Amino acid sequence: MNDRLLGLFGLAVRAGKVAFGVFMTEKALDEGRAELVIAAEDIGASNRRRIENKCNEWNVKLIFYSDKALLSRAAGKKDMPVAAVCDEGFAKAIVKKYSELKADTL
């Protein structure tokens, strides 16, 4: 895996700072633990709406990145469309890398 954003995400996973899946992400948002939500670009429409609404409700940044297969592999999970990063430092680093990647594509 040569993707630095997913590499940072993988580090957060190994540090135990990530909630996986739609339900655990919603729970992390409701508990105020989520600093950032990362969703696969190919997430289902109903789950996309649920996560977008919850992130808007709690004012948590949501980024859509990669696809379920790569996001799942970075997390060491199977078929994981969304995850919440529950650490401010990891969240800031991932958002910074995401901004750099988006700036490079413009």
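Quick note: structure is the one above.
### Digging into the nonpolar core
So, point 1. Core analysis: the largest hydrophobic core is formed by 20 residues, its most contacted members being Phe9, Leu36, Ile38, Leu71, Val85 and Ile94.
So, point 2. At the level of elements, helix H1 (4–14), strand E2 (36–39), helix H4 (68–75), strand E4 (82–85) and helix H5 (88–105) are the ones that each hand at least two residues to this core.
So, point 3. Residue contributions to this core peak at five residues, all from H1.
So, point 4. Counting residues in each nonpolar core, the second largest holds 15 residues, with Leu29, Ala34, Val82 and Ala84 among its members.

### Here we look at the state of the cysteines
So, point 1. Per the stated rule, a full pass over the model turns up zero disulfides.
So, point 2. With no disulfide of its own, cysteine 55 has cysteine 86 as its nearest cysteine by sulfur position, at a separation of 11 Å.
So, point 3. Of the residues examined, cysteine 55 reaches a relative accessible area of 1% and is grouped as buried.

### Focus: H4
So, point 1. Those residues of H4 that sit buried are Leu71, Ser72, Ala74 and Ala75. Projection of H4 onto a plane perpendicular to its axis shows the buried side chains occupying an angular sector of 160°, all on one side. Residues Ala69 and Arg73 are exposed on H4 and point more than 90 degrees away from its buried face.
So, point 2. Contacts from the buried residues of H4 go to H1, strand E1 (18–20), E2 and E4.
So, point 3. Glycine 76 sits one or two residues past H4 and shows a positive phi near 75°.

### Remarks on the environment of alanine 39
So, point 1. Inspection of the secondary structure puts alanine 39 in strand E2.
So, point 2. Residue classification places alanine 39 among the buried positions, given a relative accessible area of 0%.
So, point 3. Separated by twelve residues in the primary sequence, alanine 39 and isoleucine 51 have C-alpha atoms spaced 8.5 Å apart.

### Details of the packing of aromatic side chains
So, point 1. In this structure the tally under the stated criterion is one aromatic pair.
So, point 2. Seen in terms of ring centroids, tyrosine 65 and tyrosine 98 are 6.3 Å apart; in terms of plane orientation they differ by 80°. Their pairing is edge-to-face. Of this pair, tyrosine 65 sits in the loop between strand E3 (61–64) and H4 while tyrosine 98 sits in helix H5, and the two are 33 residues apart along the sequence. Considered together, tyrosine 65 and tyrosine 98 belong to a single accessibility category, that of buried residues.
So, point 3. Here arginine 48 stacks its cationic end above the ring of phenylalanine 64, 3.9 Å away from the centre of that ring.

What counts and how
Residues numbered from 1 in each chain as written. Predicted model: local features only at pLDDT ≥ 70, side-chain atom pairs only at ≥ 80, totals over all residues. Heavy atoms only, no water. Core = buried A, V, L, I, M, F, W, Y, C linked by side-chain atoms within 4.5 Å. Buried < 20%, exposed > 50% of the residue type's maximum accessible area, 1.4 Å probe, protein only. Helix = DSSP H or I, 4+ residues; strand = E, 2+ residues; numbered from the N terminus. Disulfide = S-S within 2.5 Å. Arc of directions from axis to C-beta. Contact = heavy atoms within 4.5 Å. Phe/Tyr/Trp six-rings, centres within 6.5 Å; stacked < 30°, edge-to-face > 60°. Lys NZ or Arg CZ within 6 Å of the ring centre and 35° of its normal.

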